[in-house]
Amino acid sequence: MREIDVGRITDTVADMARRSNIELPDDVVAALRAARERETLRIAREVLDQLLLNAERARETGLPLCQDTGVAVVFIDLGQDVHLTGGDLQAAVDDGVRRGYQEGYLRKSVVRDPLDRSTNTGDNTPAVMHLRLVAGDRVTVHFAPKGGGSENMSALWMLTPAQGRSGVVEAIAAQVGAAGGMPCPPLVLGVGLGGTFEMSALLAKRALLRPLGGPSPIPEVAALERDMLDAVNATGVGPMGLGGVTTALAVHVERHPCHIASLPLALNVQCHAARHMTVLL
Amino acid sequence: MTSVNAIDLTLPLTEEAACSVRAGDVVHLTGPLYTARDAAHQRLVALIEAGEELPIEIAGQVIYYCGPTPAPPGRPIGSAGPTTSYRMDDFAPELHRLGLRGTIGKGNRSAHVRQALRRYGGVYFVAVGGAGALLAEHITVAEVVAYPELGPEAIRRLEVEQFPVIVGYDCRGGTAFVGEKPLT
């Protein structure tokens, strides 16, 4: 049994909180550059120019890419041959979030009560943690701060099986079209297809952790991703909703078997500040 | 900045200046403005309904829907991009009635807001969402002027310089957003 002190997880989360909010990942920068080359409209190019310059300025100045430094979403894949020592895992993750958001001058964007919104938790805790037990003796920590503007445009449907593939593509394109400029397009779309009500949402969120530009290894899922991307970009919403051919940079679909009566579909909308970082312990 | 053919406007805005720009124009703003978002708007409108005095001047001013990150040492403000505007749609027409000249945010807005812009002579600017590091470099001064207990949602008075925005809705009913028609 390999032992890992949870203090290492705290240190890792604190570092990822700071860095992920400042450094736009290379895959996202590359996708924005490619979009800039494709666009012909003046405003679309202006928006993408500002986003590319913003990524440079954030790295240079250490200011966060976006003022919405998000809710701290942490996925942990815990090897079942690991024994965590030194304390409670959720507390260790929250300690990391607390430290990272304080020391990194990140915004604290969490209210304690969803209805009585007068009290901010003050340190951006608690983190939303998704724990999965996997084979082996390693711990994988994914950190993905999630902004409110794009999260608000996410949706979940329980479609009928008869609505099928075309119904799924239509639902995604209609939702993104209706969201217009509000979620900060160009977007990255995480889609969860199948499973159950709650699993489809988790699949959609997890799909956002995949690097941009890498299609699903399953050929028919990769084809579905292409068709969804084409349908979404055909809306013409474009960067910030001001028109263009790039409404989404990528669509990632994660699929799971489901009940004979059901066709769960979840869409997690991610803005262009697609912050994600992974560390293997 | 990278923009070509930007129009320079000075804040606070006169009605004439607000109505001089058209949907889709790239504009650079210079001068003072106020930040306010969800919680501050609830408080301002509650004061208006109660007939009480507001903590800031509204007439002629521009409100930026923004909740910045904390200022690191040596900087006036942290990352400071726009938040999504539709959440303030229920409040904006009343503020325009009181003379608010413009707002800055991101995303589409309701027909009521667009009608208020036309009726009272106002303009809605779009700042590029997620460009908070870049936009912060166009802010030279930031001071909290009301509701400090709201943290990032406090009302701040900013001085901006060549702050880059795009006209989303103009005072004649025009729109820069895809899928929307001009008001008739």
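Here the structure is a predicted model, which means the values were calculated and not measured. (Residues numbered from 1 in each chain as written. Chains lettered and ligands numbered in written order. Predicted model: local features only at pLDDT ≥ 70, side-chain atom pairs only at ≥ 80, totals over all residues. Heavy atoms only, no water.)

J.: Would you explain the sheet that holds strand β8 (residues 248-258) of chain A in this entry?
T.: Remark on secondary structure: sheet strands pair via backbone hydrogen bonds, oriented parallel or antiparallel. Residues and elements named next belong to chain A. With respect to topology, 4 strands assemble into an open sheet ordered β6-β9-β7-β8, the strand pairing being mixed. Only two strands of the sheet have a single neighbouring strand rather than two, namely β6 (155-159) and β8. Each strand axis lies, on average, 15 degrees off the axis of its neighbour in the sheet, ignoring direction. Here helix α7 (residues 197-207) sits on the sheet in contact with β6, β7 (187-195), β8 and β9 (263-270), set at roughly 145 degrees to β7. (Pairing = 2+ DSSP bridges. Helix = DSSP H or I, 4+ residues; strand = E, 2+ residues; numbered from the N terminus. Axes fitted to C-alpha atoms, helices over the stretch in contact; angles between N-to-C directions. Contact = heavy atoms within 4.5 Å.)

J.: What is the right way to read the environment of A:Leu65 from this model?
T.: All names here are of chain A. Along the chain, Leu65 turns up in the loop between α3 (42-61) and β2 (71-79). When its relative accessible area of 1% is taken as the criterion, Leu65 is described as buried. Separated by 79 residues in sequence, Leu65 and Ala144 place their C-alpha atoms 14 Å apart. (Buried < 20%, exposed > 50% of the residue type's maximum accessible area, 1.4 Å probe, protein only.)

J.: Quick question: what am I supposed to make of empty space enclosed by the protein here?
T.: It is the rolling of a water-molecule-sized probe over the atoms that shows where space remains empty. Tallying each qualifying case throughout the model produces 2 cavities of 30 Å³ or more. Its boundaries defined by the atoms lining it, the largest cavity holds a volume of some 100 Å³. What lines the largest cavity is A:Val73, A:Ala144, A:Pro145, A:Lys146, A:Val188, A:Lys205, A:Leu208, A:Leu209, A:Gln270, A:Ala274, A:Arg275 and A:His276. Among the elements that line the lining of the largest cavity, the one with the most residues is strand β5 (residues 139-146) of chain A, at 3 residues. Here the lining of the largest cavity is built from residues that sort into 7 nonpolar, 2 polar and 3 charged. Here the lining of the largest cavity gathers at least three residues from each of two domains, domain 1 (2-20 + 65-146) and domain 2 (149-274) of chain A. Empty space within the second largest cavity amounts to approximately 50 Å³. Around the second largest cavity sit A:Leu24, A:Leu32, A:Leu51, A:Asn54, A:Leu65, A:His272, A:Ala273 and B:Gly130, which together line it. Class assignment for the residues of the lining of the second largest cavity results in 5 nonpolar, 3 polar and no charged. (1 Å grid on protein atoms, 1.4 Å probe; cavity = no way out; pocket = protein on both sides within 12 Å on 5 of 7 lines; lining within 4 Å. Points joined across faces, edges and corners; volume = space filled by probe spheres on them. Nonpolar A, V, L, I, M, F, W, Y, C, P; charged D, E, K, R; others polar. Domains from an automatic or database assignment.)

J.: What am I meant to see in the domain arrangement of chain A here?
T.: One widely used convention gives an interface's size as the accessible area the parts lose upon coming together. Residues and elements named next belong to chain A. The domain boundaries assigned to chain A delineate domain 1 (2-20 + 65-146) and domain 2 (149-274). The interface of domain 1 with domain 2 comprises 8 residues on the first partner and 11 residues on the second. Across the domain 1/domain 2 interface, buried area totals approximately 840 Å², and carbon plus sulfur atoms make up 63% of it. Taken together, the links from domain 1 to domain 2 amount to 2 salt bridges. A salt bridge links Glu151 to Lys146, with the nearest nitrogen and oxygen atoms 3.0 Å apart. The interface formed by domain 1 and domain 2 includes 4 residue pairs in polar contact (both at pLDDT 80 or more). Counting residues per element, the ones that place at least two in the side of domain 1 that touches domain 2 are β2, β4 (128-134) and β5. In terms of residues, the side of domain 1 that touches domain 2 owes the most to one element, β5, which gives 3 residues. Among the residues making up the side of domain 1 that touches domain 2, the classes are represented as 2 nonpolar, 2 polar and 4 charged. (Buried area = accessible area lost by both parts, 1.4 Å probe. Salt bridge = Lys/Arg side-chain N within 4 Å of Asp/Glu carboxyl O. Polar contact = N/O pair within 3.5 Å; in protein donor to acceptor, adjacent residues only side chain to side chain.)

J.: What am I meant to see in the nonpolar core here?
T.: Across soluble globular proteins, you tend to see nonpolar side chains buried next to one another. In terms of nonpolar packing, the biggest core is built from 63 residues, with A:Leu242, B:Leu13, B:Leu29, B:Ile104, B:Phe125 and B:Phe163 touching the most fellow members. Beyond its immediate sequence surroundings of up to four residues, B:Leu29 is in contact with B:Leu9, B:Leu11, B:Ile104, B:Phe125, B:Val160, B:Glu161, B:Gln162, B:Phe163 and B:Val165. Residues A:Trp157, A:Ala171, A:Val176 and A:Val232 belong to the second largest nonpolar core, which totals 25 residues. (Core = buried A, V, L, I, M, F, W, Y, C linked by side-chain atoms within 4.5 Å.)

J.: Any chance you could explain the pairing of β2(A) here in plain terms?
T.: Working note: regular strand, side chains alternate between the two faces of the sheet. Residues and elements named next belong to chain A. Across the 9 residues that make up β2, a large majority, 8, are buried. Bridge analysis of β2 against β5 gives 8 bridges, and the strand direction is antiparallel. Within β5, the residue paired with Ala72 across the bridge is Pro145.

J.: Looking at this structure, how should I read the side chain of A:Thr140?
T.: All names here are of chain A. Here Thr140 lies in strand β5. Classification of Thr140 as buried rests on a relative accessible area of 16%. Here Thr140 is in contact with Phe75, Ile76, Asp77, Thr278, Val279 and Leu280, once residues within four sequence places are set aside.

J.: How should I be thinking about the interface of chain A and chain B in this particular structure?
T.: The interface of chain A with chain B comprises 38 residues on the first partner and 45 residues on the second. Note on chain A versus chain B: buried area summed over both sides is about 3,200 Å², and carbon and sulfur give 63% of it. The interface formed by chain A and chain B includes 1 salt bridge. For the salt bridge of A:Arg57 with B:Glu137, the shortest nitrogen-to-oxygen distance reads 2.6 Å.

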